[in-house]
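A look at the structure
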Amino acid sequence: MAVQSEAALENALIHALEQMSYEYVKIEEESNLRDNFKCQLEKHNRKQLAEIGREHFTESEFEKILLHLEGGSRFEKSKKLRDLYPLETENGERVWVEFLNKKQWCQNEFQVSNQITIEGRKKCRYDVTILVNGLPLVHVELKKRGVAIREAFNQVHRYSKESFNSDNSLFKYIQVFVISNGTDSRYFANTVERNKNSFDFTMNWANAKNTAIKDIKDFTETFFQKSTLLNVIFTYSVFDTNNTLLIMRPYQIAATERMLWKIRSAYQAKKWSTTEGGGYVWHTTGSGKTLTSFKAARLATQLDFIDKVFFVVDRKDLDYQTMKEYQRFSPDSVNGSESTAGLKRNIEKDGNRIIVTTIQKLNNLMKSED
């Protein structure tokens, strides 16, 4: 039996994505990518444009948008994707430009393209690109069956050095890389940090029971579901203390979602303050429990019946370390305290949604307060 070629693998992936309502768009080079982005951004912001009696951005207005996107670190770029941009139009009106709809995934335009050629330090032709509202957010690198998947990983790193980060390239906005040789498929975050860009940080996708989903067909049907993909990018990606983009592993995502389910169900069944209303997550050292707990805490603050989330630890050094990590993950959402009195003040502040404290301080406060 003939081994499936890389081209056949690529065509099968594109066909599968089209079956999932991704629109195929032919993009040959950077100028086509730019034109497509303008078109998709106008489509995504049609309501905002209609309010000022327009359907399109002028060329100079679009240049302003590109200039806004161009500057800043990878952390700042990622933040721009999530924020509205106040564009001042040529006639002095203001339009709040939205790049991506984080809350309603179905309000975004999903496209797939292949063999886009970009001129950087070297000319590079990319296998498959996933675009959301015209922005390339996911790059897929394929190798034919039988070739080591590490070859695809090495190819991604060559592109990172040679063309992804070239001047004015929209490929700087890629959040996730996917590599596959058909029988093994993995994903990993777009980062240039040397300690985070090794092959060890590539991850197999998995189901809720942590069974790996390796075959490209099964991987595509699950990971590239539109809601799942945007959840991975927007909900289950964070920046650490060094502004390094991290994407959570499947078991971390499953644990976070399970914790949120437990919080909701305990509230609905009125089982708070009971053993049945709680639970625990057990895992080994280095498995990422702090990141998992932070994400669960952060998402819990968004539930309408939650006033505050307490993160309670039993050592002062961990208290400081956790506080530092939490503040990097979400500035201004976390407040620690150096004393029991400071803890009380932090609790009483309306804006403090996450409280990091030690068991000792919380115990002292509970004893001294009615």
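Look a little higher up for the structure.
The rules behind the values
Residue indices follow the written sequence of each chain, beginning from 1 at its first position. The predicted origin of the model limits local features to residues at a pLDDT of at least 70 and limits the giving and counting of side-chain atom pairs to 80 or more, whereas totals for whole chains, interfaces and linings rest on all residues. Calculated side-chain values reflect all of the structure's heavy atoms, with hydrogen atoms and water omitted. Numbering of helices and strands starts at the N terminus; helices are DSSP runs of H or I of at least 4 residues and strands are runs of E of at least 2. Remark: exposure states derive from per-residue accessible area (1.4 Å probe, protein chains only) relative to the maximum for the residue type, with buried under 20%, exposed over 50%, and partly exposed in between. In this analysis, strands are considered paired if DSSP registers two or more bridges between them. The path from the first strand over the helix to the second decides the hand: if it runs clockwise while the strands point away from the viewer, the crossover is right-handed. All axes here are fitted lines through C-alpha atoms, helices being fitted over the stretch that makes contact, and every angle between N-to-C directions spans 0 to 180 degrees. Convention used here: angles under 35 degrees read as roughly parallel, angles over 145 as roughly antiparallel, angles from 65 to 115 as roughly perpendicular, and any remaining angle as oblique. Whether two residues are in contact is decided by their heavy atoms, any of which lying within 4.5 Å being enough. Under the scheme applied here, ten amino acids are nonpolar (Ala, Val, Leu, Ile, Met, Phe, Trp, Tyr, Cys and Pro), four are charged (Asp, Glu, Lys and Arg), and all others, including Gly, are polar. Pairs were defined over the aromatic rings of Phe, Tyr and Trp, the Trp ring being its six-membered one, requiring ring centres within 6.5 Å. Orientation was assigned from the angle between planes: stacked under 30 degrees, edge-to-face over 60, tilted for the rest.

All right, on to unusual backbone geometry then. One non-glycine residue, Asn 133, lies in positive phi territory at about 55 degrees. By the secondary structure assignment, Asn 133 is in the loop between strand S5 (123-132) and strand S6 (135-142). Among the residues examined, Asn 133 registers a relative accessible area of 0% and is labelled buried. Despite not being glycine, Asn 210 shows a phi value in the positive range, around 70 degrees. Relative to the helices and strands, Asn 210 is located in the loop between strand S9 (205-206) and strand S10 (212-213). When its relative accessible area of 46% is taken as the criterion, Asn 210 is described as partly exposed.

This part takes up the pairing of strand S7 (residues 176-180). Counting buried positions along S7 gives 5 out of 5 residues, so the element sits mostly inside the fold. In the sheet, S6 pairs with S7 via 5 bridges, with the strands oriented parallel. Each bridged residue has a counterpart across the sheet, and for Leu 142 the counterpart in S7 is Ser 180. In this fold, the crossover linking S6 to S7 by way of helix H6 (residues 149-164) has right-handed handedness. Inspection of the sheet shows S7 paired to strand S8 (residues 185-189) by 5 bridges, in the antiparallel sense.

Relative to each other, helix H12 (residues 340-348) and helix H13 (residues 359-368) sit at 80 degrees, their axes nearing to 9 Å. Overall, the two elements H12 and H13 adopt an arrangement that is roughly perpendicular. On H13, the residues that touch Thr 340, Leu 343, Lys 344 and Ile 347 of H12 are Lys 361, Leu 362, Asn 364 and Leu 365. A class-by-class count of the residues in the contact of H12 with H13 yields 4 nonpolar, 2 polar and 2 charged.

Each pair of aromatic rings is reported with the distance of its centres and the angle of its planes. In the structure shown here, the tally under the stated rule is 15 aromatic pairs. Taken together, a centroid distance of 4.8 Å and an interplanar angle of 20 degrees make the contact between Phe 219 and Phe 223 stacked. Linking Phe 219 with Phe 223, this pair stays in helix H7 (residues 216-223), spanning 4 residues, or about one helical turn. Judged by centre distance (3.8 Å) and plane angle (10 degrees), the rings of Tyr 267 and Phe 305 are stacked. Within this pair, whereas Tyr 267 is found in helix H9 (residues 250-268), its partner Phe 305 is found in the loop between helix H10 (289-300) and strand S13 (309-313), the two being separated by 38 residues in sequence. By relative accessible area, which is 39% here, Tyr 267 ends up partly exposed.

Further remarks concern the packing of helix H2 (residues 30-44) against helix H4 (residues 59-70). For the pair H2 and H4, interaxial distance at closest approach is 12 Å and the crossing angle is 100 degrees. Between H2 and H4, the angle is such that the two are roughly perpendicular. Here Arg 34, Phe 37, Lys 38 and Leu 41 of H2 lie close against H4, whose contacting residues are Glu 59, Phe 62, Glu 63, Ile 65, Leu 66 and Leu 69. Of the residues in the contact of H2 with H4, the class split is 6 nonpolar, no polar and 4 charged.

The next thing to look at is the environment of Ile 179. Of note, Ile 179 is situated in strand S7. Put simply, Ile 179 and Asp 215 are 36 residues apart on the chain and 11 Å apart in space, counted from C-alpha to C-alpha.

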